[in-house]
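# A look at the structure
Here is how the chains run, residue by residue.
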Amino acid sequence: MNQNQIKWFAAALMLIDHIGFMLEAEPMRIIGRLSFPLFSWVFAQNWKRPGDKNPLITRLILFGVLSQIPHMLLFGNLQLNLGG
């Protein structure tokens, strides 16, 4: 598998995790938790490439900030989503 395929697979696992959260289905949550190590591995592979790390960190922070908006709207709270 190449990195792009791994990212899509990890995204599908994350979707399973989120659906499991909404349905309160623990087996789906366990399966979905496999997405984090896959995303982390892809991030580490990109990090070890030579060159400037700023675009990688900037994209990560930007995505985190932008994804906070739908989280706040969906769950109706103003608390930051810092995991868990």
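Residues numbered from 1 in each chain as written. Predicted model: local features only at pLDDT ≥ 70, side-chain atom pairs only at ≥ 80, totals over all residues. Heavy atoms only, no water.

## Focus: the packing of aromatic side chains
The condition that has to hold: Aromatic contacts are taken between Phe, Tyr and Trp rings whose centres are within 6.5 Å, Trp giving its six-membered ring; a plane angle under 30 degrees counts as stacked, one over 60 as edge-to-face, and the others as tilted. In DSSP terms, a helix is any run of H or I states spanning at least four residues, a strand is any run of E spanning at least two, and both are numbered starting from the N terminus.
Tallying each qualifying case throughout the model produces one aromatic pair. Summarising the aromatic geometry, the rings of Phe43 and Trp47 are spaced 5.9 Å apart at their centres and angled 25° between planes, so their arrangement reads as stacked. Here Trp47 and Phe43 lie together in helix 3 (residues 35-47), a separation of four residues that amounts to about one turn.

## A few points about the pattern of salt bridges
Filter applied, for reference: One speaks of a salt bridge when a side-chain nitrogen belonging to Lys or Arg is within 4 Å of a carboxyl oxygen belonging to Asp or Glu. Only protein chains enter the accessibility calculation, which uses a 1.4 Å probe. A residue is then buried if its area is under 20% of the maximum for its type, exposed if over 50%, and partly exposed in between.
Under the counting rule described, the total for this entry stands at two salt bridges. Residue Asp17 pairs with Arg29 through a salt bridge whose shortest N-O separation is 2.7 Å. Here Asp17, found in helix 1 (residues 3-23), pairs with Arg29, found in helix 2 (residues 26-32); they are twelve residues apart in sequence, far enough to count as distant. In this structure Arg29 comes out as buried when scored by relative accessible area, which is 18%. Residue Asp17 is joined to Arg33 by a salt bridge in which the shortest nitrogen-to-oxygen separation is 3.5 Å. With Asp17 in helix 1 and Arg33 in the loop between helix 2 and helix 3, the pair connects residues that are 16 residues apart, well separated along the chain. For Asp17, a relative accessible area of 8% translates into the label buried. Salt bridges sharing partners connect three or more residues here, namely Asp17, Arg29 and Arg33.

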